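The chain contents come next:
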Amino acid sequence: MKKLRRSARLVDMTQHLLAHPHTLIPLTLFAEQYGAAKSSISEDLSIIKEAFEVQGVGLLKTVAGAAGGVKFIPQVKTEEALTFVQELIGQLANPDRLLPGGYLYMSDVLGNPSTMAQIGKLFATAYADKNVDVVMTVETKGIPLAYATAMFLNVPVVIVRRDNKVTEGSVVSINYVSGSSKRIQTMSLARRALAEQSRVLIVDDFMKAGGTLRGMIDLLQEFRATVVGCGVLVETTADVSERLVDEYVSLAKLQDVDIKGKQIEIELGSFFGR
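Residues numbered from 1 in each chain as written. Predicted model: local features only at pLDDT ≥ 70, side-chain atom pairs only at ≥ 80, totals over all residues. Heavy atoms only, no water.

**Q** Please give an account of the domain arrangement of the protein that cites residues and values.
**A** Per the domain assignment, the segments making up the protein are domain 1 (6-74) and domain 2 (78-272). With centres defined by C-alpha atoms, the gap from domain 1 to domain 2 works out at 33 Å. Contacts between the two partners involve eight residues from domain 1 and, on the opposite side, eight residues from domain 2. Roughly 570 Å² of surface becomes buried between domain 1 and domain 2 when both sides are summed, with 50% attributable to carbon and sulfur atoms. Sorting the residues of domain 1 by area buried against domain 2 places Pro-21, His-22 and Pro-74 first, and these three jointly supply 71% of that buried surface. Here domain 1 and domain 2 share zero salt bridges between them. Inspection of the domain 1/domain 2 interface yields three residue pairs in polar contact (both at pLDDT 80 or more). Taken together, the residues of the side of domain 1 that touches domain 2 break down into four nonpolar, four polar and no charged. (Domains from an automatic or database assignment. Contact = heavy atoms within 4.5 Å. Buried area = accessible area lost by both parts, 1.4 Å probe. Salt bridge = Lys/Arg side-chain N within 4 Å of Asp/Glu carboxyl O. Polar contact = N/O pair within 3.5 Å; in protein donor to acceptor, adjacent residues only side chain to side chain. Nonpolar A, V, L, I, M, F, W, Y, C, P; charged D, E, K, R; others polar.)

In structure tokens, the structure reads:
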């Protein structure tokens, strides 16, 4: 049992809440931990709740009843999200990032922990009320995004493989058609990696026609899973005649690429209602 002054107790409780997002924490846990009355803990949580909302850290929801408690929901204010994504777009619009086929070099962005944390929190904000059980992505560049998002949703990550691995055990494999190249490709997922009827959030770094996302959606049908949403860092409308996925949230939209003139036109994605 910790005997702490209120100021120290507030700091300790805040750290606990931040480390356990989307987790229902009974008031008795804090009361027993600090040797304080539930009424005092409730007053402390009111202070933390106000601070979270003012600073734009997130929401602190109270669940009434004998089995109730408090739950921290990470959230990003619209103004903060807008500033961050606009700065990110500025980085991605650098002509030196142009790759053959209209793709952008994004490995440095995907390898930046602070940037990934911000992006993960944005996706967690977009799908905060979807009761996500697991975050899914396909190897390899989507992996940092998946882990960042899962951290703020406090759920596991499932990684779809391009090739079967002997260490995965029994797998479910499907063939899918790449939306951009129209080539038949394969993806697989270990049977023990995902419980049936899970609620799955899919995230990926880049989407052209959406063939990879469609492949993952079809793969999840084999597990009788529910796709609660698809989050994409960058989508492109350039050279895309048909979109294979209709419902998704993107942070940035690649509108036009002029390889010869080395011009990149990027705007805000559907996260901002566009």
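**Q** Tell me what's going on with helix α6 (residues 113-126), and back it up with residues and numbers.
**A** Taking 1.5 Å of rise per residue, 14 residues should cover 20 Å, and α6 covers 20 Å from first to last C-alpha, within 8% of that figure. Turning to α6, its buried residues are Thr-115, Met-116, Ile-119, Gly-120, Lys-121, Leu-122, Phe-123, Ala-124 and Thr-125. (Helix = DSSP H or I, 4+ residues; strand = E, 2+ residues; numbered from the N terminus. Expected span 1.5 Å × (residues − 1). Buried < 20%, exposed > 50% of the residue type's maximum accessible area, 1.4 Å probe, protein only.)

**Q** A description of the sheet that holds strand β10 (residues 226-236) should follow, citing residues and the corresponding values.
**A** Within the open sheet, the six strands sit side by side as β6-β5-β9-β10-β11-β12. Their pairing is mixed. With one partner strand each, in any of the chains shown, β6 (157-160) and β12 (263-268) form the two edges of the open sheet. Going from strand to strand, the sheet's axes swing by 25° on average, the running direction of each strand aside. For strand β5 (residues 134-138) and β6, the ladder comprises four bridges, and the chain directions are parallel. Bridging across to β6, Val-135 finds its partner in Val-157. (Pairing = 2+ DSSP bridges. Axes fitted to C-alpha atoms, helices over the stretch in contact; angles between N-to-C directions.)

**Q** Tell me about the packing of helix α4 (residues 78-92) against α6, and name the residues and values.
**A** Following both chains from N to C, one finds α4 and α6 inclined at 130°, their axes separated by 11 Å at the closest point. Looking at the two axes, α4 sits oblique to α6. Viewed along their axes, α4 and α6 form a crossing whose handedness is left-handed. On the side of α4, the interface is formed by Glu-80, Ala-81, Phe-84, Val-85 and Leu-88, while α6 contributes Thr-115, Gln-118, Ile-119 and Leu-122. The class makeup of the residues in the contact of α4 with α6 is six nonpolar, two polar and one charged. (Parallel < 35°, antiparallel > 145°, perpendicular 65-115°, else oblique. Left-handed = near helix turned anticlockwise from the far one by under 90°.)

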